[in-house]
Amino acid sequence: MSTLTYAVHDSMTMLRRNLKHALRYPAVSLGPAMMPILMLLLFVYAFGDSIGAGMGGGRDAYLEYLTPGVIIMGVAAGAMSTSIAVCQDMTEGIINRFRTMNITRSSFMTGHVVGSVITTVVSLVLVVGVALALGFRPDANPLEWLAAAGLITAIAFAVAWLSAALGLISKTVESASNKPLLIQFLPFLGSAFVPADSMAPGLRWFAQNQPFTPMTETLRGLLTGSQIGNSGWISLAWCVGITLVGYVWSRSLFNSTTKR
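Note that this is a predicted model, so its numbers are computed, not measured.

Focus on the nonpolar core
Part 1 of the argument: The biggest cluster of nonpolar side chains holds 56 residues, and the ones touching the most others in it are Leu40, Leu66, Ile155, Phe193, Phe212 and Leu219.
Part 2 of the argument: Not counting chain neighbours up to four residues away, the residues in contact with leucine 66 comprise Leu40, Phe43, Val44, Ala192 and Phe193.

Let's talk about empty space enclosed by the protein
Part 1 of the argument: Scanning all chains against the criterion turns up one cavity of 30 Å³ or more.
Part 2 of the argument: Around the largest cavity, the lining residues are Val75, Gly78, Ala79, Thr82, Ser116, Thr120, Ala156, Val159 and Ala160.
Part 3 of the argument: For the lining of the largest cavity, the secondary-structure elements that each account for two or more residues are α5 (59-91), α7 (106-134) and α8 (142-168).
Part 4 of the argument: Considering each element in turn, the lining of the largest cavity owes the most residues, four residues, to α5.
Part 5 of the argument: Grouping the constituent residues of the lining of the largest cavity by class yields five nonpolar, four polar and no charged.

Things to note about the side chain of serine 235
Part 1 of the argument: Inspection of the secondary structure assignment puts serine 235 in helix α13 (residues 231-258).
Part 2 of the argument: Residue classification places serine 235 among the buried residues on the basis of a relative accessible area of 0%.
Part 3 of the argument: At 2.9 Å, the side chain of serine 235 forms a polar contact with the backbone oxygen of proline 214.
Part 4 of the argument: Discounting chain neighbours no more than four positions away, the residues touching serine 235 are Leu151, Pro214, Met215 and Thr218.

Considering the packing of helix α3 (residues 31-46) against α7
Part 1 of the argument: Two numbers describe how α3 lies on α7: the axes approach to 8 Å, and their chain directions differ by 20°. Considered as vectors, α3 and α7 are oriented roughly parallel to each other. The handedness of the crossing between α3 and α7 is right-handed. Mapping the contact onto sequence places Pro32, Ala33, Pro36, Ile37, Leu40, Leu41 and Tyr45 in α3 and Ser123, Leu126, Val127, Val130, Ala131 and Leu134 in α7.

Focus: the pattern of salt bridges
Part 1 of the argument: Considering all chains together, one arrives at two salt bridges under this definition.
Part 2 of the argument: Between arginine 59 and aspartate 49 there is a salt bridge whose closest N-O contact spans 3.1 Å. Linking arginine 59 in helix α5 with aspartate 49 in helix α4 (residues 48-54), this pair joins segments that are ten residues apart in sequence.
Part 3 of the argument: Its relative accessible area of 29% is what places arginine 59 among the partly exposed residues.

Here's the deal with the environment of alanine 196
Part 1 of the argument: One can find alanine 196 in the loop between α10 (181-185) and α11 (201-209).
Part 2 of the argument: In this structure, the C-alpha to C-alpha distance between alanine 196 and phenylalanine 206, residues ten residues apart in sequence, is 9.0 Å.
Part 3 of the argument: Those residues in contact with alanine 196 that lie beyond four places of it in its chain are Ser191, Arg204, Ala207 and Gln208.

The rules behind each value
- Residues numbered from 1 in each chain as written.
- Predicted model: local features only at pLDDT ≥ 70, side-chain atom pairs only at ≥ 80, totals over all residues.
- Heavy atoms only, no water.
- Core = buried A, V, L, I, M, F, W, Y, C linked by side-chain atoms within 4.5 Å.
- Buried < 20%, exposed > 50% of the residue type's maximum accessible area, 1.4 Å probe, protein only.
- Contact = heavy atoms within 4.5 Å.
- 1 Å grid on protein atoms, 1.4 Å probe; cavity = no way out; pocket = protein on both sides within 12 Å on 5 of 7 lines; lining within 4 Å.
- Points joined across faces, edges and corners; volume = space filled by probe spheres on them.
- Helix = DSSP H or I, 4+ residues; strand = E, 2+ residues; numbered from the N terminus.
- Nonpolar A, V, L, I, M, F, W, Y, C, P; charged D, E, K, R; others polar.
- Polar contact = N/O pair within 3.5 Å; in protein donor to acceptor, adjacent residues only side chain to side chain.
- Axes fitted to C-alpha atoms, helices over the stretch in contact; angles between N-to-C directions.
- Parallel < 35°, antiparallel > 145°, perpendicular 65-115°, else oblique.
- Left-handed = near helix turned anticlockwise from the far one by under 90°.
- Salt bridge = Lys/Arg side-chain N within 4 Å of Asp/Glu carboxyl O.

Here you go:
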């Protein structure tokens, strides 16, 4: 078999391993869905009427605005489980076992990243299901749904590579769970809950120029028909940039660690 064939085969083996871990510990793998669902319920029922009225609508209009932002929050929430999983493997000795086996070096990280993307997408199905039960009614056509799924996957892929790097630099599982907090917190400082234009000047500038705001606006436009503008291209640029940084950083850290 060719080198590429071996790499794909070994990556699939590592992916199956990580998915089995996810099935064995569903509270960890589906945990990223819990915070977005809680935020959705809290903001819709506790603040939906007042915030919706301030935006020129009501609770139903705010649910339509909020849901895409909560979905993006769910993608960001997956960073913690990825970081923890990578750190566990690097600190609990299994990586030493892998060193003695005839497997492709890149398959270890590939299995973690692809597994993270799959579990994140599955958890987001729960988030969307709750939103639909609350009354969210997207008007996206099949092509827009496909584009939305592609965007979510691209964001999850980028976040997974960056989270893997954070797991590699962590010495303990506790620190691995803390390092992705900034990623998880960023959607709160974007347009997920309220329009960025309504924020104070300094915060508004940050919200408009951080990665999750154009991602949220693009997903919102695809699902609800609002204006996307150039947010789509900006979102893709952020995804590519974050993926490259995370991939290069992770590969460098992994190679230096496993050579010791």
